[in-house]
Amino acid sequence: MRKFIVIGLLGYWVIGLCVFGFAQEVATVKPETFAIYLDKGSRENHYIPSGWMGDYGDIRMNDQSLNNPHSGKSCIQFVYSAKKSQGQGWAGVYWQFPANNWGTKKGGYDLTGMTKLTFWARGEKGGEIIQKFGVGGIGLNKNVPYSDSSVTEIEPIELTDVWKQYTINLAGKDLSYINGGFFWTITADSNPDGATFYLDDIKFVADPTMKPEAKKREAMPFYVYSDRGSISNHFIPSGWMPATASQDLKYNQGWKENPYLGDTCIRIAYNDNSGTRWAGIYWQHPANNWGTQDAGYDLSAAKKLTFWARGEKGGERIEEFKAGGIMGEFSDSDSASIGPVILNKEWTQYTIDLGGKDMSYIIGGFCWATNIDVNPEGITFYLDEIKYE
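Residues numbered from 1 in each chain as written. Predicted model: local features only at pLDDT ≥ 70, side-chain atom pairs only at ≥ 80, totals over all residues. Heavy atoms only, no water.

## Overview of the overall build of the protein
The helix and strand tally for the protein stands at two helices and 26 strands. Based on the C-alpha atoms only, the size of the protein along its principal axes is roughly 110 × 45 × 40 Å. Counting all 389 residues of the protein, 48% fall into the buried class. Counted over contacts in the protein with a minimum sequence separation of 6, partners at least 24 positions apart contribute 78%. (Helix = DSSP H or I, 4+ residues; strand = E, 2+ residues; numbered from the N terminus. Buried < 20%, exposed > 50% of the residue type's maximum accessible area, 1.4 Å probe, protein only. Contact = heavy atoms within 4.5 Å.)

## Comments concerning the sheet that holds strand β12 (residues 180-187)
Pairing between the strands of a sheet is mediated by backbone hydrogen bonds and can be parallel or antiparallel. Ordered by their spatial adjacency, five strands build an open sheet running β2-β5-β12-β8-β9, and the pairing between neighbours is antiparallel. The open sheet terminates on both sides in strands that have one partner only, identified here as β2 (48-54) and β9 (151-154). Sheet twist, expressed as the mean angle between neighbouring strand axes with direction ignored, is 20 degrees. With five bridges joining them, β2 and strand β5 (residues 90-96) adopt antiparallel strand pairing. Paired with Gly 51 across the bridge in β5 is Tyr 94. (Pairing = 2+ DSSP bridges. Axes fitted to C-alpha atoms, helices over the stretch in contact; angles between N-to-C directions.)

## Focus: the side chain of Arg 310
Inspection of the secondary structure puts Arg 310 in strand β19 (residues 304-311). Those residues in contact with Arg 310 that lie beyond four places of it in its chain are Glu 257, Asn 258, Leu 343, Asn 344, Lys 345, Glu 346, Trp 347, Phe 381 and Tyr 382.

## As for the nonpolar core
Counting 37 residues, the largest nonpolar core has Phe 307, Trp 368, Leu 383 and Tyr 388 as the members making the most contacts within it. Residue contributions to this core peak at five residues, all from strand β26 (residues 379-388). Non-local contacts of Phe 307, meaning those with residues more than four positions away in its chain, are made with Phe 321, Ile 338, Thr 348, Gln 349, Tyr 350, Ile 352, Phe 366, Leu 383, Asp 384, Glu 385 and Ile 386. Among the nonpolar cores identified, the runner-up in size contains 36 residues, and Ile 36, Leu 117, Ala 121 and Ala 188 belong to it. (Core = buried A, V, L, I, M, F, W, Y, C linked by side-chain atoms within 4.5 Å.)

## A word on the environment of Leu 111
Among the secondary structure elements, Leu 111 is positioned in the loop between β5 and β6 (116-123). Given the relative accessible area of 4%, Leu 111 is considered buried. C-alpha separation for the pair Leu 111 and Gly 181, spaced 70 residues apart in sequence, amounts to 9.6 Å. Discounting chain neighbours no more than four positions away, the residues touching Leu 111 are Phe 34, Tyr 47, Leu 175, Ile 178 and Phe 204.

## What to know about the sheet that holds strand β15 (residues 236-241)
Spatial strand order, β15-β18-β25-β21-β22: five strands in an open sheet with antiparallel pairing. Bordering the open sheet on either side are β15 and β22 (335-338), each of which pairs with just one other strand. Ignoring strand direction, the axes of neighbouring strands in this sheet form an average angle of 20 degrees. Summarising the sheet, strand β18 (residues 278-284) and strand β25 (residues 364-371) pair through seven bridges and their orientation is antiparallel. In the sheet register, Tyr 282 faces β25, and the bridge partner there is Cys 367.

## Let's talk about the state of the cysteines
Counted by the stated rule, this structure contains zero disulfides. Cys 265 forms no disulfide, and the closest cysteine sulfur to it belongs to Cys 367, at a distance of 19 Å. (Disulfide = S-S within 2.5 Å.)

## Examining the pattern of salt bridges
Taken as a whole, this structure holds six salt bridges when the rule is applied. With a shortest N-O distance of 3.1 Å, Lys 116 and Asp 207 are connected by a salt bridge. A residue pair is termed long-range when its members are at least 10 positions apart, and Lys 116 in strand β6 and Asp 207 in the loop between β13 (195-205) and β14 (222-225) qualify at 91 residues. Residue Lys 116 shares its accessibility class with Asp 207, and that shared class is buried. (Salt bridge = Lys/Arg side-chain N within 4 Å of Asp/Glu carboxyl O.)

## Describing the packing of aromatic side chains
This structure, assessed with the given rule, holds 30 aromatic pairs. Judged by centre distance (5.1 Å) and plane angle (75 degrees), the ring pair of Tyr 47 and Tyr 109 falls under edge-to-face. Note that Tyr 47 is positioned in the loop between β1 (33-37) and β2 and Tyr 109 in the loop between β5 and β6, a separation of 62 residues in sequence. Between Phe 119 and Phe 182 the ring centres are 5.2 Å apart and the planes differ by 55 degrees, which places this aromatic pair in the tilted class. Here Phe 182 lies in strand β12 and Phe 119 lies in strand β6, a separation of 63 residues in the sequence. What makes Phe 119 buried here is its relative accessible area of 0%. Taking relative accessible area as the criterion, Phe 182 reaches 0% and is therefore assigned buried. (Phe/Tyr/Trp six-rings, centres within 6.5 Å; stacked < 30°, edge-to-face > 60°.)

On their own, these measurements won't tell you what the molecule is for.
Shown next as structure tokens:
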């Protein structure tokens, strides 16, 4: 009788080993999809939408909205008020792991093998403009111990009022450590009355047919500034110089009084409140990129950069207007400039000749600089229709 009991136990032990071994083998297989959000409370969801940025007080989120989800029982609703609660003029949300992890804690996922992220989105009315959707980027170029291994973005997107699927190509990207699984940003300039939009079925996919995207040569004209909130705008006026420039400059890119074309123009006022005696602004891609991120545009088709400018009174002197010229790990491929320029009171078009210049990689799309020595009382001036042609 004991013999049969022992044999029986051995049999269960052998069967157990086989089942356990099989389970281990399955656990090591990379899944074909890795979800961020499928439905409220889904066991397949990963990451947490905890990284609220910019004017976070302008955001309301409902991650169990029953308002016409793309699939399943729920979707995510975001309401953006554009009230500039924190004075930033923009807002956004990062999905992080663990929650509120800005690269200070070890977390993240190894998503090697995933070649794209897909998601569905729609606007409440249509016409809502999302500045960026992206993957990764947390802690990059910052002094944190656990930064993401890469960042990939698409921008900007004008939503329709019906569900549409969007894809972020991740083929060839280093996804070995991704703490910021997904993010979006939005601006008050692009959505002055706010925006309500919906997201659903956000997931990484291992699609073997996806190929790395080649750097594309941008078609002309290529706008730096067309109108406030225009989807054709590129580059961000984030490079305020020097560090004290926020004390000396007032910037409004939605000025409605006497634009050259369209509904708005840019108004800039400069006074030497800080005592540093000069100031300027670089339009960069992405924001605050001083050559630390590989994100240049290929503008090699451009023969010139044109813009319209005028002074408040006439006689205002700008020492330099410039295209390109940012130096860093990822430097602009070339630069071209004009100056000094004495502005007229009437709108006047100016041209920066790009003939013979290598514009194949440009982070700093446009720049101006001046000083108090040539403008002792300070200046106010206007810009409009800044574009590569």
